[in-house]
Amino acid sequence: MPTRKKQPSRTTKPTAKESDLDRFRETPDGEFLTTDQGVRVSSTDDSLKAGPRGPTLLEDFHLREKIMRFDHERIPERVVHARGAAAHGTFQVYRSLSKYTRAAFLTDPAAKTPVFVRFSTVAGSRGSADTVRDVRGFAVKFYTSEGNFDLVGNNMPVFFIQDGMKFPDLVHAIKPNPRKEIPQASTAHDSFWDFISLTPETAHMVMWVMSDRAIPRSYRMMEGFGVHTFRLIDPAGKARLVKFHWKPLLGTHSLVWEEAQQIAGKDPDYHRRDLFEAIEAGAPAEYELGLQVVDEADVLKFGFDLLDATKLLPEELVPVERVGKLTLDRNPMNFFAETEQVAFCVGNVVPGIDFTNDPLLQARLFSYLDTQITRLGGPNFAELPINRPIAPVHNNQQDGFGRQTINGGVANYSPNSLGDNFPKPASPKEGGYKHYMERIDGQKIRERSDSFGDHFSQARMFLDSMTDVERTHLTEALCFEIGKVERLPVRQRVIDAILAPIDEALAATVAKAVGSSRDKAATKAPAKGQRTKTMAPSPALSIIRPDGGSIATRRIAMLVAEGFAGRSLAAVKAALEKGGASVELISTDLGTVKSADGADAEAVRTFMIAPSVMYDAVFIADGQASADALAGTDDAVRFVGEAFRHCKAVAALGAGRTLLTAARIATDQGKDQDPGLIVETAPGTVATRFMAGIARHRHWARQGKAKPRPPLEP
Ligand code: HDD
């Protein structure tokens, strides 16, 4: 009898202690192969036949079960947010928030609430690339002691539309052309921009999607937002309005658009790999929960309606109070069972958290519950291990596809006397959920509130809050996207109906780039009561920070060839690793690379396997023979040239500068010192300056100045 160690059951929700993934890796449960009925199987290679060359028999229950299970392995992908990656972790508040809410997980600083977070792109199919220009989903399931709370947000604080009624239209327009199913995971096409051009409420969100926020460097380096205004209810029953934020501790950083496009081909799994590998390497993804709390009476005080999901509440008007920490430190054990089967429902709230009348939110309350019935095959999806709350569940729900609970007793109705009237409703004192008693007075009406009418003030505020570099990126993104629109009237309408009311200069630049001209007569004057206001810029919206950050988890490439200076390279590598960076040696061949000083090293990647876009920064080793060999290698020259072009920190020690010269990067910079280009002779100084350069993420001053990429032919 085999004696392999028994594996834990896969249907048990893992505890926070089970972080030793080795126990779960590679091997399935148990010792023997069995059918789903637990019957041990004697062979899984041959079907049961009437003789070795005879027909297969219908009675082969193992064959039928194996093929039946295979036939149904795929479930429908999410209609939006199909592509995602997830992680487990915990959430803990820094201090009790009982002044705002009675939610247990927000009032007990000792409580470590388990969470499961799924990040996603919106438009692409399940197999699409991670780094496309898109909104990112940031969905958090808190398994609180009082039941599950799902905060199903995005990495942008506003949304395209104001009423959920428009969501199917928006998504049909974003998704590929229904005839050709082209393009995949991209908004750069006619139907998207047609919808945008005819729907001015999208103007603000369009600015976000064209900004660098839509091409994050990592899920670990992006902000999250609950988007809607929610309510917090304190222990005395008083309600306050709240906006939820997630602030990444590694800072908010983005890719360069060209780099994002290259990564989409070179490593379509870039973001899921990044999250998985960082967590495996013991570097948790960390975010702080932020709250903007506003009195109920102030819902219209800021010049826009807090119920309108196309508006954000500038941090400069209401500061974000950081109240707790989310730590993602454990990878899922099984992608399908957890990341794919997790069902987020906006309606999952706990006592102390409530909804508002935001019409986008109201439609979401129906949609998420409804969609799971198709996706997860029936009404029992809350019983799947990843969806099951840690709070006990007792009710009279029964039957349906995939029922897992085996209920005892016969009293499956309420009220009952056969079961002493259990399970019975709980009063608020006993933890029963009590909906906030908002006074509602009005006519039934299918109409948009006038307070939702100003579509351009915040779009302009967003643009005005960008640095010049970010504004250039946004403008280029628009030129790219509108340039891909084939129908000229659609291009024209985007310019006149959407861009011009936001900013005339922006509209003119895009018009020129896409071969149109500005048609002033086509821009409608705003209707009465919908005047565009001038709002002060909000510096918090810019993600380019002059002060730099940490180099932790940054990926650094060290380029070497035979004859490199091994000792100085080892010293720089040790300094980078001490700072938490992840360093890889790259050469033309894998394996040991001979050094000039006996300190040989292992190349773990080649230029062919790992292009520059996989790294945040590049270091070129000292040693003339190595530098000459690299300078004579097209791929190495291209590697450095591209990293420089993408504004990354590039350092050359001693003779390493030969490769910079080959890549046509000027090493003599005169007065215009580029802090991201480090050309040094002393290993100690190079390490310090290089780390400071990496910490600044990108060196944007280089943009526009970068020399064209060197030709590949000699
Ligand atoms: Fe949605 C999925 C976020 C508006 C209908 N949405 C989904 C996910 C996220 C969001 C992060 C993926 C959850 C996961 O990882 O499984 N959605 C948003 C945000 C919105 C928003 C931040 C606006 C503020 N969504 C929205 C509206 C509707 C939907 C207005 C419909 C009326 N969303 C869905 C959905 C999905 C979904 C069709 C697809 C899969 C799922 O729900 O479980 O029901």
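Quantities reported herein were computed from a predicted structural model and do not represent experimental measurements.

The rules behind each value
- Residues numbered from 1 in each chain as written.
- Predicted model: local features only at pLDDT ≥ 70, side-chain atom pairs only at ≥ 80, totals over all residues.
- Heavy atoms only, no water.
- Helix = DSSP H or I, 4+ residues; strand = E, 2+ residues; numbered from the N terminus.
- Rg over C-alpha atoms; globule rule 2.2 N^0.38 Å.
- Buried < 20%, exposed > 50% of the residue type's maximum accessible area, 1.4 Å probe, protein only.
- Contact = heavy atoms within 4.5 Å.
- Areas by Shrake-Rupley, 256 points an atom, 1.4 Å probe, with all protein chains shown as cover.
- Lys, Arg positive; Asp, Glu negative; His and termini not counted.
- Charge placed at Lys NZ, Arg CZ, Asp CG, Glu CD.
- Axes fitted to C-alpha atoms, helices over the stretch in contact; angles between N-to-C directions.
- Parallel < 35°, antiparallel > 145°, perpendicular 65-115°, else oblique.
- Left-handed = near helix turned anticlockwise from the far one by under 90°.
- Nonpolar A, V, L, I, M, F, W, Y, C, P; charged D, E, K, R; others polar.
- Patch = residues over 30% accessible without salt bridge, like charges linked within 9 Å, V, L, I, M, F, W, Y side chains within 5 Å.
- Salt bridge = Lys/Arg side-chain N within 4 Å of Asp/Glu carboxyl O.
- Pairing = 2+ DSSP bridges.

Right, let's get into the overall build of the protein. If you tally the helices and strands in the protein, you get 18 helices and 18 strands. Taken over C-alpha atoms, the radius of gyration comes to 28 Å for the protein, in line with the 27 Å a tight globule of 714 residues would show. A principal-axis box enclosing the C-alpha atoms of the protein has dimensions of 90 × 85 × 55 Å. A buried classification covers 50% of the 714 residues belonging to the protein. For the protein, restricting intrachain contacts to residue pairs at least 6 apart in sequence, the fraction spanning at least 24 positions comes to 74%. In the structure as shown, the protein presents an accessible area of about 33800 Å², 54% of it carried by carbon and sulfur atoms. For the protein, the distance from the average position of its 91 positive side-chain charges to the average position of its 90 negative side-chain charges is 2 Å.

Viewed as axis vectors pointing N to C, helix H11 (residues 468-483) and helix H13 (residues 504-513) meet at an angle of 45 degrees, and their least axial separation amounts to 9 Å. With respect to their mutual orientation, H11 and H13 come out oblique. Crossing angle aside, the handedness with which H11 passes H13 is right-handed. Contacts between H11 and H13 pair Arg 471, Thr 475, Leu 478, Cys 479 and Ile 482 from the former with Ala 505, Leu 506, Thr 509, Val 510 and Ala 513 from the latter. Counted by class, the contact of H11 with H13 contains 7 nonpolar, 2 polar and 1 charged residues.

Attention shifts here to unusual backbone geometry. Cis geometry is adopted by the peptide bond preceding Pro 183, which originates at Ile 182 and carries an omega value of -5 degrees. The residue Pro 183 is located in the loop between helix H3 (167-174) and helix H4 (190-198) in this model. Of note, the bond from Ser 414 into Pro 415 is cis; its omega dihedral lies within 30 degrees of zero at 0 degrees. Notably, Thr 553 is not glycine yet its phi reads approximately 65 degrees, a positive angle. Mapped onto the elements, Thr 553 comes out in the loop between H13 and strand S11 (555-559). Residue class for Thr 553 comes out buried when judged on its relative accessible area of 16%.

Moving on to a nonpolar patch on the surface. A surface patch of nonpolar side chains, about 320 Å² in accessible area, is lined by Val 410, Tyr 413 and Leu 418. Considering the arrangement of structural elements, one finds Val 410 in the loop between helix H9 (359-375) and helix H10 (457-464).

Judged by pairing direction, the sheet is parallel, and its 6 strands sit side by side in the order S15-S12-S11-S16-S17-S18 without closing on themselves. The sheet terminates laterally at strand S15 (605-606) and strand S18 (677-680), the two strands that pair on one side only. Along the sheet face, helix H18 (residues 683-695) touches S11, strand S16 (617-620), strand S17 (649-653) and S18 and points at about 175 degrees away from the line of S17.

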